[in-house]
Amino acid sequence: MERVVVVVVVGGGVLGTMHAVSARRRGLDVLHIEREPEARGASVRNFGLIWVSGRAPGPELSLALRARAGWEELAAEVPGLGFRPNGSLTLASDDVELRLLKEAASQPDAAVRGFEFLDAATAREINPALRGEFAGALRCRRDGAVEPRLALPAIREHLQAGAGQPAGDGQPAGYRWLAGREVAEIAPHAVRDHTGEWHHGDLVVIATGANHTGIAGQHLAGYPKSPVRRVRLQMMQTAPFDGRLTTSVADGDSLRYYPAFDLPGRARLAPQAPAAAATAAQLLLVQRLDGSLTIGDTHEYDEPFAFDVHEDAYDHLRTRAERLLGSPLPPTQRRWAGVYSQVTGTDLYHRSQIAPGVILVTGPGGRGMTCAPAIAEETFT
Ligand SMILES: Cc1cc2nc3c(=O)[nH]c(=O)nc-3n(C[C@H](O)[C@H](O)[C@H](O)COP(=O)(O)OP(=O)(O)OC[C@H]3O[C@@H](n4cnc5c(N)ncnc54)[C@H](O)[C@@H]3O)c2cc1C
């Protein structure tokens, strides 16, 4: 890579923000541009799960573990991002799911994931809020969580304070956040925003998420087939729950989707309940620091996406969560949908040089919040 002094980052989501962090750690000046007053894409709509348990063995697991270490390291400097190494329990509802959990716990990489198979009584000792029905659990000690609505502003505040910067040649690098500017044009080593102002960098990083038809559009539309697709998810959040979940929780449906569970026992799983199958739903449940519960999700793959949210999926997720918790959920306070960009091939994410000195990074799919610190590091190494 040419000598880089100034980096322009476009996109205020987690990928853009982690590129800003990586650049600042190298003593580089950063101009960070976002079209909205605050990030509004997938990065603020997700669970905040730093999810090691579901990752495919090999490069994906390795990327996730490096990224998790990155989150932990950053959290030591920025406690406001809300990282906690709370682990997770994936709960089986029948014997077939249970056998798949045992199979996962006996894989060669189980130890690095911190996998441990638990009977139901032991799982309840670890997470006493789980007073409902389930057959057993897979614990993943390496899973963690952050606060998606708080993390990005907290990281930016840290960058603006100039903390943790190498002394370099005596000129401390700077960080500037430029919100409300939509980038409309790309040129070598530069971008133009909607006001007409040009911004020049030795390196420009475009991290515009699932915006596949904007400035990144022509670079993503090519090929025989686009290297990325968009996926839409439904989510909800309750009022504060009267109890503390010591871990994040997933149900047995998650075994049908995460590649870590692509093991022989998966073929024996029963079909999903019709309401879950119709929306490719799995239950993931995270308690926020304020006590509320973030609950999801569904997966919609075919565009045009619905512009409204579907109640059947929420009914299913609520019922499933109540069955595992053994108590009624607090009232729902928020519902929303989010869209992420996902690579269609075997890569873990998409990176391409789209002009001299301009790199496009997107497409991490459902692992983007987890993996962003490591993806950003890979851009600079
Ligand atoms: C509902 C949901 C739940 C998820 N849960 C998890 C999870 O728990 N764990 C996990 O690891 N991953 C999760 N993911 C995936 C993860 O959230 C994404 O992979 C990740 O947030 C993508 O980050 P990003 O920065 O690429 O995109 P985004 O967060 O979408 O950010 C892109 C930003 O670029 C801005 N932008 C776009 N175009 C322009 C332009 N022309 N000029 C200026 N700015 C522009 C947008 O406004 C936006 O703020 C989830 C995703 C969703 C939707």
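What you see is a predicted model; the values in this text were computed from it and never measured.

Undergrad: What is the right way to look at the overall build of the chain in this model?
TA: When helices and strands are tallied, the chain shows 11 helices and 19 strands. On C-alpha atoms alone, the chain measures out to a radius of gyration of 21 Å, which is about the 21 Å that the 2.2 N^0.38 rule sets for 381 residues. Taken along the three principal axes of its C-alpha coordinates, the chain extends 60 × 45 × 40 Å. Expressed as a percentage of the 381 residues in the chain, the buried residues total 57%. Contacts spanning at least 24 positions in sequence make up 74% of the contacts within the chain whose residues lie at least 6 apart. With an accessible surface of roughly 15,800 Å², the chain has 52% of that area assigned to carbon and sulfur atoms. A distance of 1 Å separates the average location of the 40 positive side-chain charges in the chain from that of its 44 negative side-chain charges.

Undergrad: How should I be thinking about the site of the ligand in this particular structure?
TA: Neighbouring residues of the ligand: 38 residues in total, closest E34, S43, L49, G365 and T370. The separation between a nitrogen atom of the ligand and a polar main-chain atom of V183 is 2.9 Å. Here G368 contributes a backbone N or O atom positioned 3.4 Å from an oxygen atom of the ligand. When the free accessible area of the ligand is taken as 1,000 Å², the share hidden by the protein chains comes to 97%. Within the residue set of the shell around the ligand, elements represented by two or more residues are α1 (14-25), α2 (42-45), β13 (228-238), β17 (332-343) and α11 (368-380). Here the residues of the shell around the ligand are counted per class, giving 15 nonpolar, 15 polar and 8 charged.

Undergrad: I keep staring at the sheet that holds strand β11 (residues 198-200) and nothing clicks. Help me out?
TA: Two modes of strand pairing occur in sheets, parallel and antiparallel, and in both the strands are linked by backbone hydrogen bonds. Spatial strand order, β9-β10-β11: 3 strands in an open sheet with antiparallel pairing. Edge positions in the sheet fall to β9 (183-187) and β11, since each of these pairs with one other strand and no more. Within this sheet the neighbouring strands show an average axis-to-axis angle of 25°, counted without direction. Bridging between strand β10 (residues 190-193) and β11 involves 3 bridges; their strand directions are antiparallel. Looking at β11, one finds that A190 is bridged to H200.

Undergrad: Mind showing me how you'd approach the nonpolar core here?
TA: Among soluble globular proteins, nonpolar side chains are generally buried collectively. V7, M18, W71, L81 and I155 are the most contacted members of the largest nonpolar core, which has 44 residues in total. Taken together, the elements giving at least two residues each to this core come down to β1 (6-10), α1, α3 (59-77), α7 (148-160), β8 (175-179), β12 (203-206), β19 (358-362) and α11. Top contributing element to this core by residue count: α11, with 7 residues. Those residues in contact with V7 that sit more than four places away from it in its chain are A23, L28, D29, V30, L31, L203, V205 and F380. Counting residues in each nonpolar core, the second largest holds 25 residues, with L89, M236, A276 and A321 among its members.

Undergrad: Could you clarify how one ought to interpret the sheet that holds strand β6 (residues 136-140) in this entry?
TA: Strand order in this open sheet of 8 strands is β5-β6-β4-β14-β15-β16-β13-β17, and the pairing throughout is mixed. Taken across any chain shown, the strands that pair with only one partner, and hence form the sheet edges, are β5 (115-119) and β17. Strand-to-strand, the axes of this sheet are offset by a mean angle of 25°, without reference to chain direction. Alignment of strand β14 (residues 248-250) against strand β15 (residues 284-287), held across 2 bridges, turns out to be antiparallel. Paired with V249 across the two strands is L285, which belongs to β15.

Undergrad: When you look at the environment of D251 in this model, what are you seeing that I'm missing?
TA: Looking at the secondary structure, you find D251 in the loop between β14 and α9 (274-278). Residues D251 and L283 lie 32 residues apart in sequence; the distance between their C-alpha atoms is 5.3 Å. With near-sequence residues (within four places) excluded, D251 lies in contact with T90, L91, Q282, L283, R320 and L324.

Undergrad: Please explain α1 as it appears in this structure.
TA: The α-helix advances 3.6 residues per turn, and as a result positions three or four apart in sequence lie on the same side. Between its terminal C-alpha atoms α1 stretches 16 Å, which fits the 16 Å expected from 12 residues at 1.5 Å a residue. For α1, the tally of buried residues reaches 11 of 12 residues, placing the bulk of the element in the interior. Looking only at α1, the buried set comprises V14, L15, G16, T17, M18, H19, A20, V21, S22, A23 and R24.

Undergrad: Even after reading the chapter, I still don't get the packing of aromatic side chains, so can you show me in this structure?
TA: Here a ring pair, both rings aromatic, is described through the centre-centre distance and the interplanar angle of the planes. What the rule picks out here adds up to 2 aromatic pairs. Between W51 and Y258, the ring centres sit 6.1 Å apart and the planes meet at 45°, which makes this aromatic pair tilted. Here W51, found in the loop between β3 (49-50) and α3, pairs with Y258, found in the loop between β14 and α9; they are 207 residues apart in sequence, far enough to count as distant. For the pair shown, W51 and Y258 are each scored as buried. Directly above the aromatic system of W336 lies the positively charged group of R149, at a separation of 5.1 Å from the ring centroid. Here the guanidinium or amino end of R335 rests over the ring plane of Y314, the centre of that ring lying 4.9 Å away.

What counts and how
- Residues numbered from 1 in each chain as written.
- Predicted model: local features only at pLDDT ≥ 70, side-chain atom pairs only at ≥ 80, totals over all residues.
- Heavy atoms only, no water.
- Helix = DSSP H or I, 4+ residues; strand = E, 2+ residues; numbered from the N terminus.
- Rg over C-alpha atoms; globule rule 2.2 N^0.38 Å.
- Buried < 20%, exposed > 50% of the residue type's maximum accessible area, 1.4 Å probe, protein only.
- Contact = heavy atoms within 4.5 Å.
- Areas by Shrake-Rupley, 256 points an atom, 1.4 Å probe, with all protein chains shown as cover.
- Lys, Arg positive; Asp, Glu negative; His and termini not counted.
- Charge placed at Lys NZ, Arg CZ, Asp CG, Glu CD.
- Near = heavy atom within 4 Å.
- Polar contact = N/O pair within 3.5 Å; in protein donor to acceptor, adjacent residues only side chain to side chain.
- Nonpolar A, V, L, I, M, F, W, Y, C, P; charged D, E, K, R; others polar.
- Pairing = 2+ DSSP bridges.
- Axes fitted to C-alpha atoms, helices over the stretch in contact; angles between N-to-C directions.
- Core = buried A, V, L, I, M, F, W, Y, C linked by side-chain atoms within 4.5 Å.
- Expected span 1.5 Å × (residues − 1).
- Phe/Tyr/Trp six-rings, centres within 6.5 Å; stacked < 30°, edge-to-face > 60°.
- Lys NZ or Arg CZ within 6 Å of the ring centre and 35° of its normal.

Interpretation note: all reported values are geometric properties and have no functional meaning in isolation.
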